[in-house]
Amino acid sequence: MTTATANNKNRARSAQDMKSDSKRNTKRRINRTLKYALLLFFVIVVLLPAYVLIITSFKGTADADPSRAWYLPRTWELDGWVKAWTTLAPSLGRTVLLVVPSALISAFLGSINGYVLSKWKFPGSNIVFTLILFGMFIPYQAVMIPLTQLVSDLGVPQGIPSLMLLHIVYGLPICTLIFRNYYASVPDELVEAARMDGAGILRTYGSVILPVSMPGFVVVLIWQFTSAWNDYLFAAFFSSGRNGPVTIALSFLAGGQLTDYAASMAGALIASVPTLIVYILLGKYFVGGLMSGSVKG
Amino acid sequence: MLKRVKHWGPGVLLLAPTMILVGIFVYWLIIENFRVSLTNQHTAKPSNKYVGFENYSNLLADPNFQHSLWNLLILTIVFLGGTLIFGFLWAWILEQPAKGEGFFRSVYLFPMSISFIASGVVWRWLLSSLQTTQPGGERTTGLNRLLDSVGLGALQNDWWSDPTWGIAAIAVPAIWQLSGYVMALFLAGFRGIPDELREAARIDGCTEWKLYRHVIFPQLSPVMLSAVIIIGHMSLKLFDLIRAIVPDANTYDVQVPATLMWVKYIGSDYADAAAIGTILLVLVALVVIPYLMYTSRAEKR
């Protein structure tokens, strides 16, 4: 008897449960559908400019009709791409020559700085760090006028050499910040042990710090590569179409009142390929760089 | 004493190159720039006559410069508002584990990896001001054409070609490009909230709204502050995007201090250019210095 009532109760409860379960399930399903609809909507919005770039870059005179502006090309022409490539190719080479060495040098210096500022602190080192960090936030407009003077006084030629100097110097704060935060996670005991063994500051760096620095270097190199590749401000002040990086060449290709949109959009795509590849292959670290550029840990 | 020097010396020595470089290229140049801004160096011909704050008072009285400050204010408000709204919304949707989460995250973040100059090319086309209802309207392209063909023709507008609100149109591509970044910041913030905290709140009978209001939002406020600082100071410096979208450097409609400074530089008016640079620095410093002090104090705690 008692078991029977218990069974009945159980059955009643589970029926109720099932009812509310299915209600909850429907609600959840609606929520999920809504969520994905929203996510997809935003994917379309975000990719819209990319769609325009791609279709327009392949359009020739046959597709000049503005009423077809949002349609796929009738015939896929390569004229725009050819023109963009011949215009941008020399500057692409210069940009590689500029960006790779400056990223490597500022990353190396940043690593040394981050090491000193996290593991060999000295009185006032925190103030020094904050003073260095401030260099990351200044609007470069606030130093530009005397900077043009200083660079020419130093005898550094316009174009790639002066831009390399500037990317290294003004990249130091962020590289230092990223490495300092990164090394904060390396146990102090490791450094202490090496010190006890009589290793000096550089030996400790070489034997303890450098071997664990790879992830930090990846983040910093990606960050420096991307920001130097995409820089336009310094390039505008310190180079010309003849000796400047790809952003300058692209701004000349796309600027002016009468624009060849097929060529300039093809050019925009060409100029974006290197950073896009880096982003696709190493996106995880890219986000890491963004984080360390902001949240201090 | 000697022992102490031996202890710290090597560190200071290793840091010395950076301290010297930053000392010269940041601090000394800021002072030097300020000095130039107090002279009458208005032409390419060197001139060092001290004029005090005359350039500043002239600039502040100049309707062109006043307009650039107005534009900067509108740009910053719209840019900040837009990136915070989309960044938070995306992070909030993606916060619970979902299928394809990584894909959505990557798509939303990708515009961040390309330059303002490259994206400016396509946004210049998208934001073309010609409308189908105007004379010559059959030549309409860009967003106006799209709006017209999906039946939203009434939403067509001049975009950036408007002296008062045109600058808000420049914020659109900027929002497109940086909302993903703010999303990434908020996602990191969400991840930093311990699950136990939510569980505890739920057990205590918190409703979802109360959970957000009293637990999640307070936990996210440091991230929010970082986002405001980063986007805010990017907005103050924004230059490339405007130059890429608006071919004529001297366009009154979307002039901001950073572009006006370029115009002055091209015109060899170095004193005015330097003064604008200093004004920008003061604006950025007002935002950044309290933030740096706040974070270094938070770190000590």
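Our subject is the structure that appears above.
Rules used throughout
Residues numbered from 1 in each chain as written. Chains lettered and ligands numbered in written order. Predicted model: local features only at pLDDT ≥ 70, side-chain atom pairs only at ≥ 80, totals over all residues. Helix = DSSP H or I, 4+ residues; strand = E, 2+ residues; numbered from the N terminus. Contact = placed C-beta atoms within 7 Å. Rg over C-alpha atoms; globule rule 2.2 N^0.38 Å. Buried ≥ 20, exposed ≤ 12 C-beta atoms within 10 Å, placed from the backbone. Axes fitted to C-alpha atoms, helices over the stretch in contact; angles between N-to-C directions. Parallel < 35°, antiparallel > 145°, perpendicular 65-115°, else oblique. Left-handed = near helix turned anticlockwise from the far one by under 90°. Nonpolar A, V, L, I, M, F, W, Y, C, P; charged D, E, K, R; others polar. Expected span 1.5 Å × (residues − 1).

(A) Region of interest: the overall build of chain A. Looking only at helices and strands, chain A has eleven helices and zero strands in total. Taken from N to C terminus, the helices and strands of chain A fall in the order α-α-α-α-α-α-α-α-α-α-α. At a minimum sequence separation of 6, the contacts of chain A that also span at least 24 residues come to 78%.

(B) Highlighting the overall build of chain B. Each helix and strand in chain B was counted, giving twelve helices and zero strands. Mapped in sequence order, the helices and strands of chain B form the string α-α-α-α-α-α-α-α-α-α-α-α. Taken over the C-alpha trace, chain B has a radius of gyration of 24 Å; the compact-globule value for 301 residues is 19 Å, which it surpasses by more than 25%. Principal-axis analysis of the C-alpha atoms gives chain B an extent of 85 × 70 × 30 Å. Across the 301 residues in chain B, those meeting the buried criterion constitute 44%. The long-range fraction of contacts in chain B, counting pairs at least 24 apart against all pairs at least 6 apart in sequence, stands at 66%.

(C) Representation of the packing of helix 10 (residues 246-254) of chain A against helix 5 (residues 116-126) of chain B. Axis separation between helix 10 of chain A and helix 5 of chain B bottoms out at 9 Å; the angle between their running directions is 15°. On the basis of the axis angle, helix 10 of chain A is roughly parallel to helix 5 of chain B. Judged by the twist between their axes, the crossing of helix 10 of chain A over helix 5 of chain B is left-handed. From helix 10 of chain A, A:Thr247, A:Leu250, A:Ser251 and A:Ala254 reach across to helix 5 of chain B, where they touch B:Ile117, B:Ala118 and B:Val121. Taken together, the residues that form the contact of helix 10 of chain A with helix 5 of chain B break down as five nonpolar, two polar and no charged.

(D) Inspection of helix 3 (residues 125-137) of chain A at higher detail. Helix length check: helix 3 of chain A (13 residues) gives 19 Å between terminal C-alpha atoms against 18 Å at 1.5 Å per residue, within 8%. Listing the buried residues of helix 3 of chain A in full gives A:Val128, A:Phe129, A:Ile132, A:Leu133, A:Gly135, A:Met136 and A:Phe137.

(E) Main features of the interface of chain A and chain B. Across the boundary between the two partners, chain A contributes 70 residues, which contact 76 residues of chain B. Put simply, the parts of the chain that give the side of chain A that touches chain B at least two residues each are helix 1 (2-57), helix 2 (79-119), helix 3, helix 4 (141-153), helix 5 (160-183), helix 8 (214-230), helix 10 and helix 11 (261-292) of chain A. Of the residues forming the side of chain A that touches chain B, the biggest block, 14 residues, is contributed by helix 11 of chain A.

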